Amino acid sequence: MRSLAEKLQGELHGKAELGHVDWKHFDDGFPDVQLRKTDTERIEKYDGVCLLLSLHSPEVIFEQLSLLYELPSLRARNLRIVIPWFSTATMERVDQFGRIATAMSLARMLSICPCGPTGPATVITYDVHWLQEEFYFRDPLLVEFKTATSLFKDALRREREDNPDEEIVIAVDSADKHIIDNYSDFDQVICDTVRIPGTRDRVVKIKEGTPARKHCVIIDELVQSGSTLLGFADQLKGHGASKVSCVATHAIFARQSYKKFLSNSLIHKFWITDSVPTTAQVVEGQTPFVVLSLAS
């Protein structure tokens, strides 16, 4: 998260300082986390403390929570916990008895953060798929759900300015009502994604609008492997789209699945954020990816 922290510091024009944490481990693999001595001595002098967490892997969650729980005892004031990607957010409900909604589990772990000298901490996260997850968090922790929509809209407007003769439309699944509302100032192609019985394949059916001779931009909050997006893009091309691009706030790309997009002629551009820093560092500068920073 250091890259995001440095960008955020730049956006604050010298009004913020970066702390330093040594993320070491003992021989048995358990964390040996150490804040710099000068930071621990002066942390209570600051008007506020912002902790950036990347919970992108189960291996790093314990050590980062250990640091989080310690900050209030160091008298950190106005503690803000920024978790760009709430990693268990897609496991927010169960459809069979015995499955665990790990979104609630992680919310509970964060909720037991002790209060500091100025009161409870605030968790800030981006583009959570289901807003009801706010209620998974427990008092006294405060929660703010934010969105990267404005970043992507600015990017699309620049794309439109660079290509004035090209019509850009948003392609979105009809089930994503909040995305439809967030991009209501753009023309849209509303689609239904239907699974083919007996297979894992999906077919896209156009419900409203037409993609023919237009630059279609598929909008989603999260991309895991990218297979569904590529299938969506292929079918939009089959319906006559002149170009197809993608937008996703959280680019997971497990098992290096981002590679299927590199130099893929099917995708014109793929805008993502740096909410998953391990992905952003790998794909930045590689076509068709464009990384937008949440710091801005």
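Residues numbered from 1 in each chain as written. Predicted model: local features only at pLDDT ≥ 70, side-chain atom pairs only at ≥ 80, totals over all residues. Heavy atoms only, no water.

Here we look at the overall build of the protein chain
The criterion, for reference: The secondary structure listing takes helices from DSSP runs of H or I that are at least 4 residues long and strands from runs of E that are at least 2 residues long, numbered from the N terminus. Three labels apply to residues, based on accessible area from a 1.4 Å probe with only protein chains included: buried if under 20% of the type maximum, exposed if over 50%, partly exposed otherwise in between. Two residues form a contact once any of their heavy atoms are found within 4.5 Å. Only the protein chains shown count as cover for residues, and the accessible areas themselves come from Shrake-Rupley with a 1.4 Å probe. Under the counting rule used here, the positive set is Lys and Arg, the negative set is Asp and Glu, and His together with the chain ends is not counted. Charge positions come from single atoms, namely NZ of Lys, CZ of Arg, CG of Asp or CD of Glu.
Check the secondary structure of the protein chain and you find eight helices and 13 strands. Taken over the C-alpha atoms alone, the protein chain extends approximately 60 × 50 × 35 Å along its principal axes. Among the 296 residues that make up the protein chain, the fraction classed as buried is 44%. Restricting the contact set of the protein chain to residue pairs at least 6 apart, pairs at least 24 apart contribute 61%. Here the protein chain displays about 15900 Å² of accessible surface, and carbon together with sulfur accounts for 50% of that area. Charged side chains of the protein chain number 34 positive and 41 negative; the gap between the two group centres comes to 1 Å.

Remarks on helix H3 (residues 58-70)
When H3 is considered as a whole, its buried residues turn out to be Val-60, Ile-61, Glu-63, Gln-64, Leu-65, Leu-67 and Leu-68. Tucked inside the fold, the buried residues of H3 contact strand E1 (21-25), strand E2 (31-35), strand E3 (49-52), strand E4 (79-83) and helix H4 (102-111).

Some words on the nonpolar core
For clarity, the threshold we go by: Throughout, nonpolar core names a set of buried Ala, Val, Leu, Ile, Met, Phe, Trp, Tyr and Cys residues whose side chains join them through atoms within 4.5 Å.
Grouped together as the largest cluster of nonpolar side chains are 30 residues, with contacts concentrated most on Leu-68, Leu-71, Leu-79, Ile-81, Phe-86 and Leu-110. Of all the secondary-structure elements, those providing two or more residues to this core are E3, H3, E4 and H4. Look past the residues within four positions of Leu-68 in its chain and what remains in contact with it is Leu-51, Leu-79, Ile-81, Leu-110 and Cys-113.

What to know about the packing of aromatic side chains
Put simply, the test is: Only centres within 6.5 Å qualify two rings of Phe, Tyr or Trp (six-membered ring in Trp) as a pair; their planes then separate them into stacked at under 30 degrees, edge-to-face at over 60, and tilted for everything else. A positively charged side chain is recorded as over a ring if its NZ (Lys) or CZ (Arg) lies within 6 Å of the ring centre. The angle to the ring normal must also be within 35 degrees.
Under the counting rule described, the total for this entry stands at nine aromatic pairs. Relative to Phe-289, the ring of Phe-261 lies with its centre 6.2 Å away and its plane at 65 degrees, an arrangement referred to as edge-to-face. Of this pair, Phe-261 sits in the loop between strand E11 (243-251) and strand E12 (270-273) while Phe-289 sits in strand E13 (residues 289-292), placing them 28 residues apart in sequence. Each member of the pair, Phe-261 as well as Phe-289, is classed as buried. Feature note: the residues Phe-253, Phe-261, Phe-270 and Phe-289 constitute an aromatic cluster, connected by ring pairs. Positioned over the ring face of Tyr-183 is Lys-153, at 5.8 Å from the centre of the ring.

Points about the environment of Leu-266
Position of Leu-266 relative to the elements: it lies in the loop between E11 and E12. We classify Leu-266 as buried; its relative accessible area is 18%. When the C-alpha atoms of Leu-266 and Asp-234 are compared, they prove to be 7.1 Å apart, with 32 residues separating the residues in sequence. For Leu-266, the contacting residues outside a window of four places in its chain are Leu-230, Ala-233, Asp-234, Lys-237 and Val-244.

Topic: the packing of H3 against H4
We count it as follows: Here the axes come from fitting lines to C-alpha atoms, over the contacting stretch only for helices, and the angles between their N-to-C directions go from 0 to 180 degrees. Every angle not falling under 35 degrees, over 145, or within 65 to 115 is termed oblique; those three ranges are roughly parallel, roughly antiparallel and roughly perpendicular.
Where H3 meets H4, the closest approach of the two axes is 10 Å, and the angle between their N-to-C directions is 30 degrees. Taken together, the axes of H3 and H4 are roughly parallel relative to one another. Contact residues: Ile-61, Leu-65, Leu-68 and Tyr-69 in H3; Leu-106, Met-109 and Leu-110 in H4.

Regarding H4
Our working definition: Directions from the helix axis toward the C-beta atoms define the arc.
For H4, the full list of buried residues reads Ala-103, Leu-106, Ala-107, Leu-110 and Ser-111. All buried residues of H4 lie within an arc of 140 degrees about the axis, which places them on one face of the element.

Things to note about the sheet that holds strand E6 (residues 142-146)
Rules: If DSSP finds at least two bridges between two strands, the strands pair.
Pairing within the open sheet is parallel, and its four strands lie in the order E3-E4-E5-E6. Edge positions in the sheet fall to E3 and E6, since each of these pairs with one other strand and no more. Averaged over all neighbouring strand pairs, the angle between strand axes comes to 20 degrees, with direction disregarded. In terms of strand pairing, E3 meets E4 through four bridges, oriented parallel. If you follow Leu-51 over to E4, its bridge partner there is Ile-81.

Some thoughts on the side chain of Glu-63
Stated formally: Salt bridge, as used here, is a side-chain nitrogen of Lys or Arg placed within 4 Å of a carboxyl oxygen of Asp or Glu.
By the secondary structure assignment, Glu-63 is in helix H3. Although buried, Glu-63 forms no salt bridge, and the nearest oppositely charged side chain, Lys-24, lies 13 Å from it. Ignoring sequence-local partners within four residues, the contact set of Glu-63 consists of Trp-23, His-25, Pro-31 and Val-33.

Observations concerning the environment of Ser-263
Here Ser-263 lies in the loop between E11 and E12. By relative accessible area, Ser-263 is classed as exposed at 70%. Separated by 26 residues in sequence, Ser-263 and Phe-289 place their C-alpha atoms 9.8 Å apart. In contact with Ser-263, other than residues within four places in its own chain, are Thr-287 and Pro-288.

Description of the pattern of salt bridges
Scanning the model with the defined rule gives 14 salt bridges in all. A salt bridge links Lys-146 to Glu-144; the shortest N-O distance between them is 3.5 Å.

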